[in-house]
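Structure assessment
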Amino acid sequence: MMHLVTGGSGSGKSAYAEQQVLEAGDAPRYYIATMMPYGEEGRRRVEKHRRMRKEKQFETIECYMDLKQVQVPQGSTVLLECLSNLTANELYDPSGAGEGTVQAVLDGIRSLRAQAGTLILVSNEIFSDGVPYDASMLQYLSYLGQINQEAAALADRVTEVVYGIPVPIKREAEAAGKGGTI
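In what follows, the accompanying structure is described.

**A few points about helix α4 (residues 101-115)**
Each turn of an α-helix holds 3.6 residues, which means side chains three or four residues apart point in the same direction. Here α4 spans 21 Å end to end across 15 residues, near enough to the 21 Å set by a 1.5 Å rise per residue. Within the sequence span of α4, burial applies to T101, V102, V105, L106, G108, I109, S111, L112 and Q115. Residues of α4 that are buried sit in contact with β1 (2-7), β2 (29-33), β4 (77-81), α3 (83-92), β5 (118-124) and α5 (135-154).

Okay, structure coming up:
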């Protein structure tokens, strides 16, 4: 089962995604962290999140780029946080995929989906602010939009979290072709 969780900054999407992992059963839990820690504040934030996940019995895998190389046990439960960071890392880091970012991220998602029993992906909804952007940011938004669309198509479930409220966008029955639109 693959579940894409999206929402704006501070929407509660991460807490919701973690709760979905806890409800997924007793399979080993893996948290794929994609945020590169910059500076002392970034390192403290990462360490705080590691401690919080440890209490929930997550094993953390840090993966800033090249998601396809990540290996998890068959049938495990995997939470990837988040596609937005992973996309930025691949696009902007000199050792990243650059123009091949969309394909690299999607290949990684497909690889994880083949391994995990449950795969939960978190991504940011950053397309509604109406602010003009430079060419580099527009490219990033285009790439993240393509990745989010493909991930949603591949997913069994898609949920947008708004003000802490999960709003189903796609349910499992619809993914299997058994239901209509919401």
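**Here we look at the pairing of strand β6 (residues 157-162)**
Where β1 lies against β6, five bridges are found, and the strand directions are parallel. Its bridge partner being in β6, H3 is matched across the sheet by R157. Sheet analysis places β6 next to strand β7 (residues 165-170), joined by five bridges and oriented antiparallel. What sits directly across from V161, in β7, is P166. Count of turn residues in the β6/β7 antiparallel hairpin: two residues, of which Y163 carries a positive phi of about 55 degrees.

**Examining the sheet that holds β5**
One key point about sheets: their strands pair by backbone hydrogen bonds, in either a parallel or an antiparallel sense. Reading across the sheet, the seven strands line up as β3-β2-β4-β5-β1-β6-β7 and stay open at both edges, with mixed pairing between neighbours. In this open sheet, the two edge strands, each paired with only one partner strand, are β3 (58-62) and β7. Sheet twist, expressed as the average angle between the axes of neighbouring strands with direction ignored, equals 20 degrees. Relative to β5, β4 runs parallel, the two being bridged by five bridges. Looking at β5, one finds that V78 is bridged to L119. Sitting on the sheet, α3 touches β1, β4 and β5, and the angle it makes with β5 is about 70 degrees.

Rules and cut-offs
Residues numbered from 1 in each chain as written. Predicted model: local features only at pLDDT ≥ 70, side-chain atom pairs only at ≥ 80, totals over all residues. Heavy atoms only, no water. Helix = DSSP H or I, 4+ residues; strand = E, 2+ residues; numbered from the N terminus. Expected span 1.5 Å × (residues − 1). Buried < 20%, exposed > 50% of the residue type's maximum accessible area, 1.4 Å probe, protein only. Contact = heavy atoms within 4.5 Å. Pairing = 2+ DSSP bridges. Axes fitted to C-alpha atoms, helices over the stretch in contact; angles between N-to-C directions.

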